[in-house]
Amino acid sequence: MATLGDWIDPRPEGIYIPAADAWIDPSRPKPRALVTHGHADHARGGHGTVLATPGTLAIMEARYGPQPGGQGVQYGETVDLGGGVTAGFVPAGHVLGSAQILLEHRGERIVVSGDYKRRPDPTCAPFQPVPCDIFITEATFGLPVFRHPDTSGEIQKLLDARAANPDRCVLVGAYALGKAQRLIAELRALGYAAPVYIHGAMQKLCDLYAAHGVDLGELGPAAGLNPADLKGQIVVAPPSALNDRWSRRLPDPITAMASGWMRVRQRARQRNVELPLVISDHADWDELTQTLMEIAPHEVWVTHGREDALIHWCQTRQIRARELHLTGREDEDD
């Protein structure tokens, strides 16, 4: 007797769909892959055919080179994968091009969320809840302690630190794909119109966002400028650059970092972060549980993160839940 969802096969390297001979977010090169978004723990190079949104394909090309097998799928479009399986791509609200993948087969609906958030984000389409039988979710911040504050309040902290220290710059560590662009766009939304200076490693992806219609305002390279010219300015760099030789040329920087992990004081201390900004591109505990109540699936499968607490929450509400033990999913600098 068939059981719910027995037509997909979660394996350590990804979610396999035998009837269509296709994988979702595989961690190893596969002949046919469906990719939820462009972060490296979900989008790998070397696949044969790649089905993803145009935004995700553009990110993969920027990171891995041409994708000759790339097939762009628009939000709301349904693709026949063969074997009686169809796939639709629905906004996930995580980064530019991010998508949940809706699989349908034998009258069942399974949604693979990838990574997602519920907060408004001026750089990507908002998460769209989709009713389904099985919801396959992340749990990066799947503990009740993780409740993200209002984003505009965190951005105001950054602006206040800049205004109070005109002889210093504010150096913000932000993940190069998604977080950096969102941070800049959120600054613009609060009326900050001055140039934002960026690390060279961010230029290509900022240009890509601009090419996809995301207005980041005036950006400038932080390298090569006289330190005096950066006094009172905001500089955005990858987290790895916060304490390396690159940052030493800056004028007495206030070291900040934008990440959901800045809720954990020990992580801020480990990074020598003076100004922690709790800004995340993942759902927090309330958003994870709100999403499950809204979608009301029969089962919840958890790919990675703080799985135990979310599974327990489901079970206390008579929702079947399980952990998938996928490998290669990282707690990125969010």
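Okay, so let's go over this structure.

The rules behind the values
Residues numbered from 1 in each chain as written. Predicted model: local features only at pLDDT ≥ 70, side-chain atom pairs only at ≥ 80, totals over all residues. Heavy atoms only, no water. Pairing = 2+ DSSP bridges. Helix = DSSP H or I, 4+ residues; strand = E, 2+ residues; numbered from the N terminus. Axes fitted to C-alpha atoms, helices over the stretch in contact; angles between N-to-C directions. Contact = heavy atoms within 4.5 Å. Expected span 1.5 Å × (residues − 1). Buried < 20%, exposed > 50% of the residue type's maximum accessible area, 1.4 Å probe, protein only. Phe/Tyr/Trp six-rings, centres within 6.5 Å; stacked < 30°, edge-to-face > 60°. Lys NZ or Arg CZ within 6 Å of the ring centre and 35° of its normal. 1 Å grid on protein atoms, 1.4 Å probe; cavity = no way out; pocket = protein on both sides within 12 Å on 5 of 7 lines; lining within 4 Å. Points joined across faces, edges and corners; volume = space filled by probe spheres on them. Nonpolar A, V, L, I, M, F, W, Y, C, P; charged D, E, K, R; others polar.

Another aspect to go through is the sheet that holds strand β5 (residues 49-52). Across the sheet, 6 strands lie side by side as β1-β2-β3-β4-β5-β6; this open sheet has mixed pairing. The two strands at the open ends of the sheet, each matched to only one other strand, are β1 (9-11) and β6 (70-72). Neighbour-to-neighbour, the strand axes of the sheet open up by a mean angle of 25 degrees, direction not taken into account. Pairing analysis gives 3 bridges linking β1 to strand β2 (residues 14-17), with the strands arranged antiparallel. Residue pairing across strands places proline 10 opposite isoleucine 15, the latter belonging to β2. Sitting on the sheet, helix α1 (residues 54-64) is in contact with β5 and β6, with an inclination near 130 degrees to β5.

Compared with an ideal rise of 1.5 Å per residue, which puts 14 residues at 20 Å, helix α2 (residues 151-164) spans 20 Å between its outermost C-alpha atoms and is within 8% of the ideal. Residues of α2 that are buried in the fold lie against β12 (170-173), α3 (179-189), β15 (234-237), β16 (254-258) and β17 (275-277).

Right, let's talk about unusual backbone geometry for a bit. A positive phi angle is found at arginine 106, which is not glycine, with a value near 55 degrees. For arginine 106, a relative accessible area of 45% corresponds to the partly exposed category.

Two numbers describe a pair of aromatic rings. These are the distance of the centres and the angle of the planes. According to the stated counting rule, one finds 6 aromatic pairs in the structure shown. Ring geometry for tyrosine 116 against phenylalanine 135: centres 6.0 Å apart, planes inclined by 70 degrees, an arrangement best described as edge-to-face. With tyrosine 116 in the loop between β10 (108-112) and β11 (134-139) and phenylalanine 135 in strand β11, this residue pair connects regions lying 19 residues apart in the sequence. In terms of burial, tyrosine 116 and phenylalanine 135 fall into one category: buried. The interplanar angle of 50 degrees and the centroid separation of 4.5 Å between the aromatic rings of phenylalanine 141 and tryptophan 261 together place this pair among those described as tilted. You can see phenylalanine 141 sitting in the loop between β11 and α2 and its partner tryptophan 261 sitting in the loop between β16 and α5 (265-270), a full 120 residues away along the chain. Neither phenylalanine 141 nor tryptophan 261 differs from the other in exposure class; each is buried. Here a set of aromatic residues connected by ring pairs shows up, and it is made of Tyr116, Phe127 and Phe135. Lying across the ring of tryptophan 261, arginine 267 places its NZ or CZ 4.0 Å from the centre. One cation-aromatic arrangement involves arginine 322 over tryptophan 301; the distance from NZ or CZ to the ring centre is 4.6 Å.

Here we come to empty space enclosed by the protein. Enumeration according to the criterion identifies 2 cavities of 30 Å³ or more in this entry. Space inside the largest cavity adds up to approximately 80 Å³. As for the largest cavity, its lining consists of 14 residues, of which Asp25, His42, Val112, Thr303 and Arg329 are closest to the centre. Every element with two or more residues in the lining of the largest cavity is listed here: β11 and β18 (299-305). Broken down by element, the residue count for the lining of the largest cavity peaks at 3 residues, all from β11. Split into classes, the residues belonging to the lining of the largest cavity amount to 5 nonpolar, 6 polar and 3 charged.

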